[in-house]
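Notes for the structure review
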Amino acid sequence: MSIAVSGPIVLVGAGNMGGAMLAGWLKSGVRGSDVLVIDPGPSPAVAKLLADSGVQHATVAPAGVKAGVIFVAVKPQVMETVLPPLKGLVAPQTVIVSVAAGKTLGFIERHLGEAATVRAMPNTPAMIGRGVTGAFANDRVSEAQRALVHDLLKVSGPVEWVRTEADIDAVTAVSGSGPAYVFYLVECMAEAGRKAGLEADLAMRLARETVAGAGELLHQSPDDAARLRQNVTSPGGTTAAALAVLMADDGMQPLFDRAIAAARKRAEELAGNSRRDSVSRGSL
Ligand SMILES: NC(=O)c1ccc[n+]([C@@H]2O[C@H](COP(=O)([O-])OP(=O)(O)OC[C@H]3O[C@@H](n4cnc5c(N)ncnc54)[C@H](OP(=O)(O)O)[C@@H]3O)[C@@H](O)[C@H]2O)c1
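Values in this document were obtained by computation on a predicted structure and should not be read as measured data.

Before going further, it helps to spend a moment on the overall build of the protein chain. Along the protein chain, the regular secondary structure elements total eleven helices and eight strands. Oriented by its inertia axes, the alpha-carbon framework of the protein chain measures out at about 70 × 45 × 35 Å. Taking all 284 residues of the protein chain together, 39% fall into the buried category. Contacts in the protein chain between residues far apart in sequence, at least 24 positions, make up 62% of those at least 6 positions apart. Surface exposure of the protein chain reaches about 15,300 Å², of which carbon and sulfur atoms provide 59%. Put simply, the protein chain has 27 plus and 27 minus side-chain charges, and the middle of one group is 4 Å from the middle of the other.

Take a look at the structure:
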């Protein structure tokens with residue numbers, strides 16, 4: 001990846017998500033010398049990556065640095081203390097990217113000022129470069145900055161830009177939390193297999209590989225999910241018998257409607273909390 005950025009890419013928090021993003025950037029051609037990592041205690045694996053790639057490292061925001069990008073990947077609960085010391089890194093050309101769940105653009109702006117800012121919601125498969133990220137940019141983000149952020153995010157998988165910040169809550173409900181639904185699907189299939197007479201371990205291996213293999217087929221195939229489903233459903237066959245249950249009026253669709261509505265509502269509540277936290281401190 002060739003990046004034109006007028007200042008270092010400052011990664012704040014090199015844990016699971018930040019570390020995976022950093023590894024992806026370096027793998028796709030970002031020069032280590034263009035990156036500064038701020039993290040008080042990187043893991044041994046990240047420390048080795050930093051040493052091997054010439055990435056600069058600091059435990060706190062250094063004075064005199066103006067960032068091209070500030071990529072914030074710390075836990076939401078420490079954002080309140082992590083953001084204020086970063087303000088000195090912000091210059092007119094800086095674009096801020098936050099992946100912290102539930103922390104609104106308004107919250108970030110209250111700490112870092114009126115800067116070009118992107119809220120992004122990746123998901124866990126980003127760890128293996130197979131995530132998907134929903135992103136929303138405020139109106140201070142230029143086309144060039146959006147393209148730069150897109151390039152930085154896409155190392156962990158496709159990037160989908162949404163139209164409103166509220167859509168990030170729906171993205172969180174579908175793809176942010178989504179991997180857990182799929183893992184639970186494996187658990188349910190395995191348990192049903194056990195009840196059908198298989199040994200529990202065998203049922204789990206079958207369920208796990210089925211979901212992983214079906215996911216890979218979906219990933220590689222040009223066909224959409226409905227077409228792939230129809231391809232393996234013979235009229236009157238075993239798959240059709242199971243799908244008649246799963247696709248009934250009281251089957252999976254209403255269940256997923258409720259589950260995703262619940263996740264979205266919770267995301268809205270968390271975003272509301274991040275607004276209220278700041279209001280209660282009089283910073284609005
Ligand atoms: N993991 C996911 O799948 C996922 C998906 C979507 C969004 N996210 C978002 O990604 C963010 C990071 O999650 P994560 O799972 O990567 O968390 P994590 O593994 O705990 O990583 C956070 C990193 O930030 C470091 N840190 C703590 N205080 C800091 C400070 N003052 N300055 C700089 N760095 C500091 C932590 O160091 P210590 O370990 O020493 O505290 C840790 O290395 C969260 O906001 C989460 O909402 C994660």
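Our next topic: the site of the ligand. Asn 16, Met 17, Asp 39, Val 74 and Ala 101 are the nearest of the 23 residues found near the ligand. Asp 39 places a polar side-chain atom, nitrogen or oxygen, 2.8 Å from an oxygen atom of the ligand. In the model, an oxygen atom of the ligand is placed 3.4 Å from a nitrogen or oxygen of the Thr 124 side chain. Surface burial for the ligand is 72%, taken as the share of its 890 Å² of free accessible area covered by protein chains. Residues of the shell around the ligand, tallied by class, amount to 15 nonpolar, six polar and two charged.

Next up on the list: the pairing of strand E2 (residues 35–38). Of the two faces of E2, both are covered, the one formed by Val 35 and Val 37 as well as the one formed by Leu 36 and Ile 38. Between strand E1 (residues 9–12) and its parallel partner E2, the chain crosses via helix H1 (residues 16–27), and the hand of that crossover is right-handed. Pairing analysis gives three bridges linking E2 to strand E3 (residues 56–58), with the strands arranged parallel. By the bridge assignment for E3, Ile 38 is matched with Ala 58. Handedness of the crossover joining E2 and E3 through helix H2 (residues 44–53) is recorded here as right-handed.

Along the chain, the position of His 111 falls in helix H4 (residues 105–112). Here Glu 80 takes part through its side chain, which lies 3.5 Å from a polar atom of the side chain of His 111.

With that settled, consider the packing of helix H6 (residues 167–176) against helix H7 (residues 178–195). It is the contact of H6 with H7, at a shortest axis distance of 5 Å, that shows an interaxial angle of 30°. As the angle between them shows, H6 and H7 are arranged roughly parallel. Residues Ala 173, Val 174, Ser 175 and Gly 176 of H6 pack against Gly 178, Pro 179 and Tyr 181 of H7. Here the residues of the contact of H6 with H7 are counted per class, giving four nonpolar, three polar and no charged.

This next bit is on the pairing of strand E5 (residues 95–98). Residue alternation in E5 divides its side chains into two sets, Val 95 and Val 97 and Ile 96 and Ser 98, and both sets are buried. Across four bridges, E5 lies against strand E6 (residues 116–121) in parallel orientation. In the sheet register, Val 95 faces E6, and the bridge partner there is Ala 116. The parallel pair E5 and E6 is bridged by H4, and the resulting crossover is right-handed.

To continue, consider the nonpolar core. In summary, soluble globular proteins display a tendency toward joint burial of nonpolar side chains. Counting residues in hydrophobic clusters, the biggest one holds 33 residues, and the most contacted among them are Leu 22, Trp 25 and Phe 71. Here the element with the most residues in this core is H1; it accounts for five residues. Those residues in contact with Leu 22 that lie beyond four places of it in its chain are Leu 11, Val 35, Val 37, Leu 49, Leu 50 and Val 55.

On to helix H5 (residues 143–153), then. Of all the positions in H5, only Gln 145, Leu 148, Val 149, Leu 152 and Leu 153 are classed as buried. For H5, the angular spread of buried residues about the axis comes to 130°, placing them on one side. In H5, the exposed residues that point more than 90 degrees away from the buried face are Glu 143 and Ala 144.

About the criteria used
Residues numbered from 1 in each chain as written. Predicted model: local features only at pLDDT ≥ 70, side-chain atom pairs only at ≥ 80, totals over all residues. Heavy atoms only, no water. Helix = DSSP H or I, 4+ residues; strand = E, 2+ residues; numbered from the N terminus. Buried < 20%, exposed > 50% of the residue type's maximum accessible area, 1.4 Å probe, protein only. Contact = heavy atoms within 4.5 Å. Areas by Shrake-Rupley, 256 points an atom, 1.4 Å probe, with all protein chains shown as cover. Lys, Arg positive; Asp, Glu negative; His and termini not counted. Charge placed at Lys NZ, Arg CZ, Asp CG, Glu CD. Near = heavy atom within 4 Å. Polar contact = N/O pair within 3.5 Å; in protein donor to acceptor, adjacent residues only side chain to side chain. Nonpolar A, V, L, I, M, F, W, Y, C, P; charged D, E, K, R; others polar. Right-handed = clockwise from strand over helix to strand, strands pointing away. Pairing = 2+ DSSP bridges. Axes fitted to C-alpha atoms, helices over the stretch in contact; angles between N-to-C directions. Parallel < 35°, antiparallel > 145°, perpendicular 65-115°, else oblique. Core = buried A, V, L, I, M, F, W, Y, C linked by side-chain atoms within 4.5 Å. Arc of directions from axis to C-beta.

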